[in-house]
Number of protein chains: 2
Amino acid sequence: MADKVTITDVARAAGVSRQTVSNTLNSPEVVREETRRHVLEVIERLGYRANQAARQMRTGRSRLIAIRIDPGGDGISGSVLDRFLHGLTETAAHEGYRVLLYTAADDRAEIATYEDLLGSYKPDAFVLTATHHDDIRTSWLLERGLPFVAFGRPWSHLPDARHPWVDVDGASGTEAATRHLLAAGHRRIGFIGWPSGSGVGDDRRAGWARTFTALGSETGGAGDLDALLRSVEDGIESGESAARDLLRTAAPTALVCASDSLALGALQAARSHEGERPVAVIGFDDTPAATAAGLTSVHQPLAEAAAACVDLLARALENPDAMRSPDAEGSPSEQAHVLLPPSLTIRQSA
Amino acid sequence: MADKVTITDVARAAGVSRQTVSNTLNSPEVVREETRRHVLEVIERLGYRANQAARQMRTGRSRLIAIRIDPGGDGISGSVLDRFLHGLTETAAHEGYRVLLYTAADDRAEIATYEDLLGSYKPDAFVLTATHHDDIRTSWLLERGLPFVAFGRPWSHLPDARHPWVDVDGASGTEAATRHLLAAGHRRIGFIGWPSGSGVGDDRRAGWARTFTALGSETGGAGDLDALLRSVEDGIESGESAARDLLRTAAPTALVCASDSLALGALQAARSHEGERPVAVIGFDDTPAATAAGLTSVHQPLAEAAAACVDLLARALENPDAMRSPDAEGSPSEQAHVLLPPSLTIRQSA
DNA sequence: ATGAAAGCGCTAACAG
DNA sequence: CTGTTAGCGCTTTCAT
């Protein structure tokens, strides 16, 4: 029964015109307090909801935010997107937006989906995840002045980003992990990460490197960084073999990893490693698998990140021109961004 | 540039009327082959996409499927919804539908969201997950003749379901797990599940029980079922303590669990248990945590399940009346359903 | 097989 | 502050 109630029904029941009802909803300040209250009451009583399609036709705004959902690699870190999505949906609802899902095999296919979506459902904005160097998606959207926010820094254009973004400070996370190990007395702390070139991976490695280097300059040179570093593809197996190799050649007493997948593998290697003291391991992402394995891990505030994304978008959508002038000569057109600090979830492994 | 192209632009560019373009898209059989081809070509060239809002206003169909996304308990099995969602989004796109997300704290709140959504975005259908006994959501939707499909059996009304559903045969999964253990020579196989009353849990327990009982009647009574059964809340810790208890009092050589969370806990207990042969453990859901822990687990075909949901919905939406006659006296109004068999992913733990 | 007219529900402009 | 008019882009009659 909730449907079929139109603005005309409300107007009739309240004894006012349709526009007064519309104004009550869209420009409350224009309606007399008393009338407003009365209309609101009738709306409530009839269970009226503005038809979104009709509203969209008139205003051109769909109040839809689109985001891609992918299968997520080995699944270990898949739950990261899951939590982010939940937060996004929840915050978006508060701001009057809904989340629309789509899939795409790669960036090119994603752009094709943009075209499709923009012609049909016309989402007001996109949320980009897994941004990387020379991301064609951001340039495509930027060229067309389409509103979007990236969850992930615009790695190729820092620090003068030309679009709003939200990210978690990976370096600060691995720094916290490294400091935690230092505080526990460790001095030889290895790092297992991904090959150079991925923004996320480089960032996470940097946090370890800088902390470790700082220690070196304090104590007078602790740091043969390269010997304690391994760069491999993500995965449990590669994490295990990298850890084995590291333990054999560099004798670290602790390992910081760029992901939980790597850390889980490293943990296996650590457990089968003989030594007076167990080798400590710290992962990244605080996935369910980390919980299950008792793995200390860097935790990303995903609900907050999602909320920040919605916030930035809502703001940009209220001020359409802020974003639609990519080449405004006079203004630096610096875009808002949010960099959130992660926290360390401490468990048995470190 | 993909937007702002209307059906009028296409008509003009193709030298036909707007209706011919519309017909080409919606009733191709009505248009002359040659004209149809020409129009299609122009559509392609201009990158035209039918404005969904306008279409919805006219037809009343949004081509939107709504589904709830929740934070997912301890997160271990959260990835199940994740994979299902991905499959749903992908299949839905093939059929011309998009997936709209929403959250809700509980069933009552979810119904409130139905009302909101039905009045605003007007999704064509809902996909229900985590169905349970006396689910107020199904009755609410049923009463109003709203199209939906449940991922999960209508536990309170089997076998004459009054709505379409898709599910994975949990009992067959635990049966396969139990048979696998029997084949490996195990004879005392315990089960750690949830307290009676949850459809899913009862189903999974039944698969173990019936297989084990069948063995008993063959060999002449192997089965003191109750001694080998523990029912606890889901979670790693409760799984571990239940397993410890079971190992101490009933001396099983293998354990089948109703979830990966329970199994992960059981695995810990099993590893610290002394015996000539390691205690085998099998979980359920084949989550990333199971991969990481080398846990053998029952794998649900989630992409297939999602595809089946979309299929059932698409069919129901083409035949609106099939669903809208909950009380049709003459017809049993039996609804279509799909029960998919899971598979066993074998790893080190069993 | 194709063209003309109407209207889905809403809100942005105005007029009162 | 409230009411009237118009039209967003599409599909569904109904004529031709």
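Residues numbered from 1 in each chain as written. Chains lettered and ligands numbered in written order. Predicted model: local features only at pLDDT ≥ 70, side-chain atom pairs only at ≥ 80, totals over all residues. Heavy atoms only, no water.

Sorry, what's going on with the overall build of chain A here?
Helix and strand counts for chain A come out as 14 helices and 12 strands. Projected onto the principal axes, the alpha-carbon positions of chain A cover approximately 85 × 45 × 40 Å. Residues counted as buried form 53% of the 350 residues belonging to chain A. Contacts in chain A between residues at least 24 apart in sequence constitute 67% of all its contacts with a sequence separation of at least 6. Entry remark: accessible area of chain A is about 15,400 Å², with carbon and sulfur atoms responsible for 50%. The averaged location of the 47 negative side-chain charges in chain A is 6 Å from the averaged location of its 35 positive side-chain charges. (Helix = DSSP H or I, 4+ residues; strand = E, 2+ residues; numbered from the N terminus. Buried < 20%, exposed > 50% of the residue type's maximum accessible area, 1.4 Å probe, protein only. Contact = heavy atoms within 4.5 Å. Areas by Shrake-Rupley, 256 points an atom, 1.4 Å probe, with all protein chains shown as cover. Lys, Arg positive; Asp, Glu negative; His and termini not counted. Charge placed at Lys NZ, Arg CZ, Asp CG, Glu CD.)

Please clarify how the packing of helix α2 (residues 18-26) of chain A against helix α3 (residues 33-46) of chain A should be interpreted in this entry.
Helix-helix packing is described using two parameters, namely the angle between the two axes and the distance between the axes. Residue and element names in this part refer to chain A. At a minimum axis distance of 10 Å, the contact between α2 and α3 shows a crossing angle of 95°. By the angle between their axes, α2 is roughly perpendicular relative to α3. Only T35, R36, V39, L40 and I43 of α3 make contact with α2, whose side of the interface consists of T20, V21, T24 and L25. Class assignment for the residues of the contact of α2 with α3 results in 5 nonpolar, 3 polar and 1 charged. (Axes fitted to C-alpha atoms, helices over the stretch in contact; angles between N-to-C directions. Parallel < 35°, antiparallel > 145°, perpendicular 65-115°, else oblique. Nonpolar A, V, L, I, M, F, W, Y, C, P; charged D, E, K, R; others polar.)

Got a minute to help me understand the nonpolar core in this structure?
The nonpolar side chains of a soluble globular protein tend to be buried, and buried together. Counting 84 residues, the largest nonpolar core has I189(A), I192(A), V281(A), I189(B), I192(B), L255(B) and V281(B) as the members making the most contacts within it. Not counting the four nearest positions on each side in its chain, V281(A) is found in contact with L255(A), C257(A), A263(A), A266(A), L267(A), A270(A), L295(A), T296(A), S349(A) and A350(A). Grouped together as the second largest cluster of nonpolar side chains are 56 residues, V80(A), L81(A), F84(A) and L312(B) included. (Core = buried A, V, L, I, M, F, W, Y, C linked by side-chain atoms within 4.5 Å.)

Please explain the protein's contact with DNA strand D as it appears in this structure.
Taken together, 26 residues lie near DNA strand D, and Q19(A), R58(A), I7(B), Y48(B) and R58(B) sit nearest. Restricting attention to atoms of DNA strand D within 4 Å of the protein, one finds that 58% of them are sugar or phosphate atoms. Take T20(A): an N or O atom from its side chain is 3.5 Å from a phosphate oxygen of DNA strand D. With respect to DNA strand D, the side chain of N26(B) contributes an N or O atom lying 3.1 Å from a phosphate oxygen. Where the surface near DNA strand D is concerned, the elements lending two or more residues are α2 and α4 (52-59) of chain A together with α2 (18-26) and α4 (52-59) of chain B. For the surface near DNA strand D, the leading source of residues is α4(B), giving 5 residues. For the surface near DNA strand D, the class distribution of residues is 9 nonpolar, 10 polar and 7 charged. (Near = heavy atom within 4 Å. Polar contact = N/O pair within 3.5 Å; in protein donor to acceptor, adjacent residues only side chain to side chain.)

Please explain the interface of chain B and chain A as it appears in this structure.
Interfaces are often described in size by the accessible area the parts lose on coming together. Listed by partner, the interface residues are 49 residues for chain B and 49 residues for chain A. Of the roughly 4,200 Å² buried where chain B meets chain A, counting both sides, 62% is carbon and sulfur surface. Ranking the residues of chain B by area buried against chain A places R49(B), R98(B) and Y121(B) at the top, with a combined share of 16%. In this structure, the connection of chain B to chain A is made through 4 salt bridges. Between the two partners, chain B and chain A, sit 14 residue pairs in polar contact (both at pLDDT 80 or more). Residues that form the side of chain B that touches chain A fall into these classes: 23 nonpolar, 15 polar and 11 charged. Pairing between strand β2 (residues 98-102) of chain A and strand β2 (residues 98-102) of chain B: 3 bridges, direction antiparallel. Across the sheet, residue L100(A) finds its bridge partner in β2(B), namely L100(B). (Buried area = accessible area lost by both parts, 1.4 Å probe. Salt bridge = Lys/Arg side-chain N within 4 Å of Asp/Glu carboxyl O. Pairing = 2+ DSSP bridges.)

Please explain the relation of the copies chain B and chain A as it appears in this structure.
Relating the two copies of this chain is a rotation about some axis coupled with a shift parallel to it. Rotating chain B by 180° about the axis while translating it 0.0 Å along that axis superimposes it on chain A, leaving an RMSD of 0.1 Å. This pairing of chains is accounted for by a two-fold axis. The overlap is high: 96% of the interface residues of chain B also sit at the interface in chain A, so the same surface is used on both sides. (Least-squares fit on C-alpha atoms with pLDDT ≥ 70 in both.)

What am I meant to see in unusual backbone geometry here?
Excluding glycine, a negative phi dihedral is what most residues carry, and trans is how most peptide bonds are arranged. In the Ramachandran plot, K122(A) falls in the positive-phi region, its phi being about 50° despite a non-glycine side chain. Examined against the element boundaries, K122(A) turns out to sit in the loop between α6 (107-119) and β3 (125-129).

Explain the UniProt feature "domain: HTH lacI-type" (unreviewed entry) in chain A to me, please; I cannot follow it from the model alone.
Mapped onto this numbering, the UniProt entry gives "domain: HTH lacI-type" (unreviewed entry) at residues 5-59 of chain A. In the segment residues 5-59 of chain A, helix accounts for 71% and strand for 0%; the C-alpha atoms at its two ends are 20 Å apart. (UniProt positions renumbered as here; feature names shortened; annotations may be inferred.)

Would you mind showing me how to read the protein's contact with DNA strand C here?
Neighbouring DNA strand C are 26 residues, the closest being I7(A), Y48(A), R58(A), S17(B) and R58(B). Atoms of DNA strand C within 4 Å of the protein: sugar and phosphate make up 58%, bases the balance. Between N26(A) and DNA strand C, the recorded distance is 3.0 Å, taken from a side-chain N or O atom to a phosphate oxygen. At a separation of 3.3 Å, a base nitrogen of DNA strand C approaches a polar backbone atom of A54(A). In terms of residues, the surface near DNA strand C owes the most to one element, α4(A), which gives 5 residues. In terms of residue class, the surface near DNA strand C is built from 9 nonpolar, 10 polar and 7 charged.

Help me out: how do you make sense of the environment of S238(B) in this one?
All names here are of chain B. Structurally, S238 is set in helix α10 (residues 236-250). Residues S238 and L255, 17 residues apart in the sequence, show an inter-C-alpha distance of 14 Å. One polar contact links the side chain of S238 to the main-chain carbonyl oxygen of E233, over a distance of 2.6 Å. In this structure the side chain of S238 is engaged in a polar contact, spanning 3.2 Å, whose partner is the backbone oxygen of G235.

Hey, could you run me through the pattern of salt bridges in this one?
Side chains that differ in sign of charge can pair as their charged atoms come close. Residue and element names in this part refer to chain A. Under the defined criterion, the tally for this structure stands at 50 salt bridges over all chains. With its nearest N and O atoms 3.0 Å apart, the salt bridge here joins R137 to E110. Here E110 lies in helix α6 and R137 lies in helix α7 (residues 136-143), a separation of 27 residues in the sequence. Here the two residues R137 and E110 agree in accessibility, since each one is buried. Of the charged contacts in the structure, one is a salt bridge between R248 and D245, with a shortest N-O distance of 3.1 Å. Here R248 and its partner D245 are both found in helix α10 (residues 236-249), 3 residues apart, which amounts to about one turn of the helix. Judged by relative accessible area, R248 falls into the exposed class, the value being 63%.

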